[in-house]
2 protein chains.
Amino acid sequence: MEKLELNKAFMLIEPGPVTMISTRGMDGRANVFTLTWITVLDWTPRFALCTGPWNYSYEALVHRKECVVNIVTADMLETALDVGTCSGRDSDKFGKFDIETHDASRVDVPLLSGCWAQVECRVVDHISAHNIFVLEGVAAWQNHAHKDKRLLHAIGDGTFTADGETFHRRARMGAKLPPGV
Amino acid sequence: MEKLELNKAFMLIEPGPVTMISTRGMDGRANVFTLTWITVLDWTPRFALCTGPWNYSYEALVHRKECVVNIVTADMLETALDVGTCSGRDSDKFGKFDIETHDASRVDVPLLSGCWAQVECRVVDHISAHNIFVLEGVAAWQNHAHKDKRLLHAIGDGTFTADGETFHRRARMGAKLPPGV
């Protein structure tokens, strides 16, 4: 794992990938859930993560105000499905699905070691009327040796797509790009 | 253009595509801007669109409270770049880039005829502290004859990816899928 500059963390989330969000509950137990309802707010490492009380990790987000956004690539699809189709209420998903983790640097929540990239986040606001948590990234990581870097996108009906053709339009974007990326 | 059931509209936005957002200002002029900072809130046609006062269409969203989310596919990349690299403040982007439009059914904002799909939306809340507009979809459209259906994803550094390999995991998702999709 190599450290990623925080001003580049938005680039992990702007493309709209499936993510796995790790949390730690008030009882000290860690959990992880699969989520595609997340967006960057702007070019800062601020994100809007959308989930509500139906999610077992909701209380962890409300009370401990920390999480890790683990970016899912195509090779991790089956793990994301495992994680996304059961609840932490009655499962230790890490043990059940043999998911390797390691400690984060700035939050007390495990990182998923098998993921290509991770963003450690603090919850800085909760707009409960719309089930939006506002996150601020406080550290970001990327495993440059990770082989399959194709982000995964959820259609919502059980279909997923992986990144295919790439288009380089840096020169066209010019002054519209934020500094340092 | 064929009507898309509103309960399926989230499936256009959940995968995290580049979009072009059309609006109409207080002076009656329509505008369009390119945006990837958008997420579904849940399975309803409710979305969080993130933009701030730096955007010429901000005032239109605040005061007229309507927009259309036009979904961008790979064949529309150059148009999305044209639209995204100039401002409606000093350009009529529709004329300048020869962008075809037609009237929406429920909002007074033009739809981009060349896009694969469009969601007509009302702004139902504005969380100005975080530059989040909460949208509610009121009508949705899809052009089944559109050839290139590969959604486009922005990395944020001038690189874009189009959808590649598709994975069908409907059976695995089972009861986690919302009804009717």
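Residues numbered from 1 in each chain as written. Chains lettered and ligands numbered in written order. Predicted model: local features only at pLDDT ≥ 70, side-chain atom pairs only at ≥ 80, totals over all residues. Heavy atoms only, no water.

Draft legend 1. View of helix H3 (residues 77-84) of chain B. Every buried residue belonging to H3 of chain B is among Leu77, Ala80, Leu81, Val83 and Gly84 of chain B, and all of these are buried. Buried residues of H3 of chain B, seen end-on, are gathered within an arc of 165° and therefore sit on one face of the element. (Buried < 20%, exposed > 50% of the residue type's maximum accessible area, 1.4 Å probe, protein only. Helix = DSSP H or I, 4+ residues; strand = E, 2+ residues; numbered from the N terminus. Arc of directions from axis to C-beta.)

Draft legend 2. Here's a closer look at unusual backbone geometry. Look at aspartate 98 of chain A: it is not a glycine, yet its phi comes out positive at around 55°. Under the relative-accessibility criterion, aspartate 98 of chain A is labelled exposed at 72%. A positive phi is found at lysine 65 of chain B, a non-glycine position, where the angle reads about 55°. Judged by its relative accessible area of 43%, lysine 65 of chain B falls in the partly exposed class.

Draft legend 3. The arrangement of the environment of glycine 114 of chain A in detail. All names here are of chain A. With respect to the helices, strands and loops of the structure, glycine 114 is situated in the loop between strand S8 (110-112) and strand S9 (117-127). Between the C-alpha atom of glycine 114 and that of threonine 101, which follows or precedes it by 13 residues, the distance is 7.8 Å. In this structure glycine 114 touches Met76, Glu100 and His146, once residues within four positions along its chain are discounted. (Contact = heavy atoms within 4.5 Å.)

Draft legend 4. Focus on the interface of chain B and chain A. Each partner contributes residues to the interface: chain B has 54 residues there, and chain A has 54 residues. Contact between chain B and chain A buries roughly 4,900 Å² in total, counting both sides, with carbon and sulfur atoms accounting for 57%. Contact with chain A buries area across many residues of chain B, yet Trp37, His130 and Arg172 of chain B alone supply 14% of it, more than any other trio. Remark: the boundary between chain B and chain A carries eight salt bridges. The shortest N-O distance in the salt bridge between glutamate 165 of chain A and arginine 150 of chain B comes to 2.8 Å. For the pair chain B and chain A, the number of links is 33 residue pairs in polar contact (both at pLDDT 80 or more). When residues in the side of chain B that touches chain A are grouped by element, the largest group, 10 residues, is from strand S12 (residues 159-168) of chain B. Residue composition of the side of chain B that touches chain A, by class: 26 nonpolar, 14 polar and 14 charged. The sheet contact formed by strand S12 (residues 159-168) of chain A and S12 of chain B spans seven bridges and is antiparallel. Of the residues in S12 of chain B, the one forming a bridge with histidine 168 of chain A is threonine 159 of chain B. (Buried area = accessible area lost by both parts, 1.4 Å probe. Salt bridge = Lys/Arg side-chain N within 4 Å of Asp/Glu carboxyl O. Polar contact = N/O pair within 3.5 Å; in protein donor to acceptor, adjacent residues only side chain to side chain. Nonpolar A, V, L, I, M, F, W, Y, C, P; charged D, E, K, R; others polar. Pairing = 2+ DSSP bridges.)

Draft legend 5. Layout of empty space enclosed by the protein. Per the counting criterion, the structure on display carries one cavity of 30 Å³ or more. For the largest cavity, the lining is made up of 15 residues, of which Gly16, Ile38 and Thr39 of chain A together with Gly16 and Ile38 of chain B are closest to its centre. Among the elements of the structure, strand S4 (38-40) of chain A together with strand S4 (38-40) of chain B are those that each provide at least two residues to the lining of the largest cavity. For the lining of the largest cavity, a count of residues per class yields seven nonpolar, six polar and two charged. (1 Å grid on protein atoms, 1.4 Å probe; cavity = no way out; pocket = protein on both sides within 12 Å on 5 of 7 lines; lining within 4 Å. Points joined across faces, edges and corners; volume = space filled by probe spheres on them.)

Draft legend 6. Up close: the relation of the copies chain B and chain A. The transformation that overlays chain B on chain A combines an axial shift of 0.0 Å with a rotation of 180°, and the residual RMSD is 0.0 Å. One copy is carried onto the other by what is essentially a two-fold rotation axis. By residue overlap, the copies meet face to face through one surface: 100% of the interface positions of chain B are interface positions in chain A. (Least-squares fit on C-alpha atoms with pLDDT ≥ 70 in both.)

Draft legend 7. Representation of the nonpolar core within the structure. Ile132 of chain A together with Ile132 of chain B are the most contacted members of the largest nonpolar core, which has 72 residues in total. Leaving out residues up to four positions away in the same chain, isoleucine 132 of chain B has contacts with Leu41, Ala48, Ile127 and Ile132 of chain A together with Ala48, Leu49, Cys50, Asp125, His126 and Ile127 of chain B. (Core = buried A, V, L, I, M, F, W, Y, C linked by side-chain atoms within 4.5 Å.)

Draft legend 8. Spotlight on the pattern of salt bridges. Residues and elements named next belong to chain B. By the definition in use, this model includes 18 salt bridges over all chains. Between glutamate 136 and arginine 46 there is a salt bridge, and its shortest N-O distance comes to 3.1 Å. A residue pair is termed long-range when its members are at least 10 positions apart, and glutamate 136 in strand S10 (residues 132-142) and arginine 46 in strand S5 (residues 46-50) qualify at 90 residues. The partly exposed category is assigned to arginine 46, whose relative accessible area is 26%. Between aspartate 108 and arginine 64 there is a salt bridge; the shortest N-O distance is 3.2 Å. With a gap of 44 residues between them, aspartate 108 in the loop between strand S7 (101-103) and strand S8 (110-112) and arginine 64 in helix H2 (residues 58-64) connect regions that are remote in the sequence. Of the residues examined, aspartate 108 reaches a relative accessible area of 42% and is grouped as partly exposed.

Draft legend 9. Expanded view of the side chain of histidine 146 of chain B. Residues and elements named next belong to chain B. Positionally, histidine 146 belongs in the loop between S10 and strand S11 (152-154). Reaching out from histidine 146, the side chain makes a polar contact with the side chain of aspartate 75 at a distance of 2.9 Å. In terms of polar contacts, histidine 146 uses its side chain to reach the backbone carbonyl oxygen of aspartate 148, at 3.5 Å. Histidine 146 has contacts with Thr73, Asp75, Gly114, Cys115 and Trp116, leaving out every residue within four places of it along the chain.

Draft legend 10. How the structure looks around the pairing of strand S10 (residues 132-142) of chain A. Residues and elements named next belong to chain A. For S10, a buried count of 10 out of 11 residues is recorded, marking the element as mostly surrounded by other parts of the structure. Of the strand pairs in this sheet, strand S1 (residues 2-4) and S10 are connected by three bridges, and their pairing is antiparallel. Paired with lysine 3 across the strands is tryptophan 141, a residue of S10. Judged from the five bridges that link them, strand S5 (residues 46-50) and S10 form a sheet pairing that is antiparallel. Residue pairing for S10: phenylalanine 47 is matched across the bridge by leucine 135. Counting the residues between successive antiparallel strands, the hairpin from S9 to S10 contains four residues, one of them, asparagine 131, with a positive phi of roughly 55°.

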